[in-house]
Amino acid sequence: MKYPLALVSGVFFWMPVTYALLPIFPYSGPVLFTAVLIATCALSVAGILLILFSGEFVKPVQRHLVVPLILDLLVVLMSGVLLALIGGSIPRGIPESCWAGWAAGILLLAPCSMAVFYVIPADQRVRSVSIALTAIMCVPATIAMFILVRDFPHGMFESALGMMAIYWIACMPVIGICYLAMAWNAKDG
């Protein structure tokens, strides 16, 4: 259970990894934005599938709480691949609906993670702190989702970018650290 949880944390460090790679590839920002998201999301999908098929769950009903995160990660991964294929990189002429679906998928990673933290066999304190921190990180995600849904009919994706940037840069790494703490304290067997 430890290594799959560490893999799942990958997508939550997508933006810091992108910023870390920018000095190495200074003129590749838009390409890095997409490529790093696709790579980290693929690692997270592999990790969550390993968790799903492990025998670590006490009750079979708990296994179903992992499925929303799997579906959300698959949506983010496929949207990222589609965006890369359509535009070659993120900022080129991509329809607002593709952007909105991709952004909504990333924003839903926080609430889906709360369900995963609930079912992972780990130390109760670490689980409680992870759930509480993730619930706090859901606040900017919820605000950004509200703005995104409110302004989508008007074709204004940009109005949600500020809150999404806060979520991408500050909140997602906190959730990733929670996954790493859960991996460190996960109970095997």
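Details of the structure are given in the entry above.
Residues numbered from 1 in each chain as written. Predicted model: local features only at pLDDT ≥ 70, side-chain atom pairs only at ≥ 80, totals over all residues. Heavy atoms only, no water.

## What to know about the overall build of the protein
- Along the protein, the regular secondary structure elements total 9 helices and 0 strands.
- Moving toward the C terminus, one meets the helices and strands of the protein in the order α-α-α-α-α-α-α-α-α.
- Within the protein, buried positions represent 46% of all 189 residues.
- When contacts within the protein are restricted to residue pairs at least 6 apart in sequence, long-range pairs at least 24 apart make up 75% of them.
- Of the roughly 9,100 Å² that the protein leaves accessible, carbon and sulfur atoms contribute 76%. (Helix = DSSP H or I, 4+ residues; strand = E, 2+ residues; numbered from the N terminus. Buried < 20%, exposed > 50% of the residue type's maximum accessible area, 1.4 Å probe, protein only. Contact = heavy atoms within 4.5 Å. Areas by Shrake-Rupley, 256 points an atom, 1.4 Å probe, with all protein chains shown as cover.)

## Here we look at a nonpolar patch on the surface
- Taken together, the side chains of Val67, Leu71 and Leu74 define a hydrophobic patch exposed on the protein surface, amounting to about 220 Å² of accessible area.
- Along the chain, Val67 turns up in helix H5 (residues 67-87). (Patch = residues over 30% accessible without salt bridge, like charges linked within 9 Å, V, L, I, M, F, W, Y side chains within 5 Å. Salt bridge = Lys/Arg side-chain N within 4 Å of Asp/Glu carboxyl O.)

## A closer look at the environment of Ala183
- With respect to the helices, strands and loops of the structure, Ala183 is situated in helix H9 (residues 161-185).
- Once the C-alpha coordinates of Ala183 and Tyr3 are considered, the two residues, 180 residues apart in sequence, prove to be 6.8 Å apart.

## So, the environment of Gly80
- Counting through the fold element by element, Gly80 comes out in helix H5.
- Once the C-alpha coordinates of Gly80 and Ala35 are considered, the two residues, 45 residues apart in sequence, prove to be 8.2 Å apart.

## Digging into the nonpolar core
- Counting residues in hydrophobic clusters, the biggest one holds 58 residues, and the most contacted among them are Trp14, Trp102, Ile106, Tyr167 and Trp168.
- Among the elements of the structure, helix H1 (2-8), helix H2 (14-21), helix H3 (29-52), H5, helix H6 (96-107), helix H7 (109-119), helix H8 (124-151) and H9 are those that each provide at least two residues to this core.
- Ranked by residue count, the leading element in this core is H9, at 10 residues.
- Beyond its immediate chain neighbours, meaning those up to four positions away, Tyr167 contacts Ile106, Leu107, Leu109, Ala110, Met137, Ala141 and Met172. (Core = buried A, V, L, I, M, F, W, Y, C linked by side-chain atoms within 4.5 Å.)

## Structural notes on the packing of aromatic side chains
- Applying the stated criterion across every chain yields a total of 8 aromatic pairs.
- Judged by centre distance (5.8 Å) and plane angle (65°), the rings of Phe33 and Trp168 are edge-to-face. Remark: Trp168 occurs in helix H9 and Phe33 occurs in helix H3; sequence separation between them is 135 residues.
- According to the relative accessible area criterion, Trp168 is buried, its value standing at 7%.
- Taken together, the aromatic side chains of Trp14, Phe33, Trp102 and Trp168 make up a single cluster linked through ring pairs. (Phe/Tyr/Trp six-rings, centres within 6.5 Å; stacked < 30°, edge-to-face > 60°.)

## Section: the pattern of salt bridges
- All told, the structure shown has 1 salt bridge when counted by the stated rule.
- Its salt-bridge partner being Asp123, residue Arg125 comes within 4.0 Å of it at the nearest N-O pair.
- Overall, the relative accessible area of 67% leaves Arg125 in the exposed class.

## Focus on H2
- Buried residues of H2: Trp14, Met15 and Thr18, and no others. End-on view of H2: buried residues confined to an arc of 95°, all on one side of the axis. (Arc of directions from axis to C-beta.)

## What about the packing of H7 against H8?
- Between H7 and H8, the least distance of the axes is 9 Å, while the angle of their chain directions is 170°. If you check the angle between H7 and H8, you find them roughly antiparallel. On H8, the residues that touch Ala110, Pro111, Ser113, Met114, Phe117 and Tyr118 of H7 are Arg127, Ser130, Ile131, Thr134, Ala135 and Cys138.
- For the contact of H7 with H8, the class distribution of residues is 8 nonpolar, 3 polar and 1 charged. (Axes fitted to C-alpha atoms, helices over the stretch in contact; angles between N-to-C directions. Parallel < 35°, antiparallel > 145°, perpendicular 65-115°, else oblique. Nonpolar A, V, L, I, M, F, W, Y, C, P; charged D, E, K, R; others polar.)

## Side note on H8
- The first and last C-alpha atoms of H8 sit 40 Å apart over 28 residues, in line with the 40 Å expected at 1.5 Å per residue.
- Helix geometry: H8 is bent most strongly at Val139, by close to 25°, with proline Pro140 lying one to four residues after it. (Expected span 1.5 Å × (residues − 1). Bend = angle between axes of the 7 residues up to and from the residue.)

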